[in-house]
Amino acid sequence: MALRFFCYSFMRVRGAGEVVEDIAAMIEASRAFERKSAMMLFAFVPTPLLAEVLSGVDRSFVKVSAQDIAVPHACEVAGELSLERLLQLDADMALAGSLDRRIALGETDERIARKMDALLRSGLKSVLGVGELSGGGCGDGVTSALDGAAADLDGAASALDGA
């Protein structure tokens, strides 16, 4: 049986109650489909709502993610939580490499690689976001982002293998 993933990112600032209601509605709507494969819903929740959403949804079907994490040993910026806080909240995973943050905050491949390295070392599930920055489709920009992330993470993977 194949496993299908559906991801939804809550970008518009709303209350946690509305996000929990939306997630519950998505779960209920998915039950109406005849399933030929297992399904899992991933919800990327704004940081200020994370704790309340985590406690308010059925997490057997939904995995709840922070939309970003703070780079270790650096100042946190709006929308970021430390890995320690995410682990305290019992988040399912965290996202690094959001296209929105690349554009709006000028996040670099190096900064994103530091976040992914920290995620891998923490044991928290990680999602690497890649996207096209130049507006030319999903070609060279995505390949470049993946190549850069893979190169930067080789050291982290080697260190984890040796641990």
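Quick look at the structure, then. For clarity, every value in this text was computed on a predicted model and none was experimentally measured.

1. Re the pattern of salt bridges
Turning to step 1, where the next piece is worked out: Summed over all chains, the structure comprises nine salt bridges.
Turning to step 2, where the next piece is worked out: Measuring nitrogen to oxygen at the nearest pair gives 3.0 Å for the salt bridge that ties Asp92 to Arg59. Highlighted residues: Asp92 in the loop between helix H3 (83-89) and strand E4 (93-96) and Arg59 in the loop between helix H2 (50-56) and strand E3 (62-66), separated in sequence by 33 residues.
Turning to step 3, where the next piece is worked out: Looking at Asp92, the relative accessible area reads 19%, which means it is buried.
Turning to step 4, where the next piece is worked out: Residues participating in the shared-partner salt-bridge network are Asp68, Arg101, Glu107, Arg111 and Lys115.

2. Looking at unusual backbone geometry
Turning to step 1, where the next piece is worked out: Positive phi, close to 65°, is recorded for Asp90, a residue that is not glycine.
Turning to step 2, where the next piece is worked out: Topologically, Asp90 is positioned in the loop between H3 and E4.

3. A closer look at the nonpolar core
Turning to step 1, where the next piece is worked out: Ranked by size, the top nonpolar core spans 31 residues in total, and within it Ile23, Leu50, Val53 and Leu86 carry the most contacts.
Turning to step 2, where the next piece is worked out: Those elements giving two or more residues to this core turn out to be helix H1 (16-31), strand E2 (38-45), H2, E3, H3, E4 and helix H5 (109-122).
Turning to step 3, where the next piece is worked out: The element best represented in this core is H1, accounting for five residues.
Turning to step 4, where the next piece is worked out: Apart from residues no more than four positions distant in its own chain, Val53 is found in contact with Ala16, Val19, Val20, Ile23, Val45 and Val64.
Turning to step 5, where the next piece is worked out: Listed in part, the five residues of the second largest apolar core include Met40, Phe42, Met93 and Leu95.

4. Focus: H1
Turning to step 1, where the next piece is worked out: If you check H1, its first and last C-alpha atoms are 23 Å apart, about what 16 residues at 1.5 Å a residue would give, namely 22 Å.
Turning to step 2, where the next piece is worked out: Turning to H1, its buried residues number three or more, namely Ala16, Val19, Val20, Ile23, Ile27 and Ser30. One side of H1 holds all its buried residues, which, seen down the axis, span an arc of 100°.

Thresholds applied
Residues numbered from 1 in each chain as written. Predicted model: local features only at pLDDT ≥ 70, side-chain atom pairs only at ≥ 80, totals over all residues. Heavy atoms only, no water. Salt bridge = Lys/Arg side-chain N within 4 Å of Asp/Glu carboxyl O. Helix = DSSP H or I, 4+ residues; strand = E, 2+ residues; numbered from the N terminus. Buried < 20%, exposed > 50% of the residue type's maximum accessible area, 1.4 Å probe, protein only. Core = buried A, V, L, I, M, F, W, Y, C linked by side-chain atoms within 4.5 Å. Contact = heavy atoms within 4.5 Å. Expected span 1.5 Å × (residues − 1). Arc of directions from axis to C-beta.

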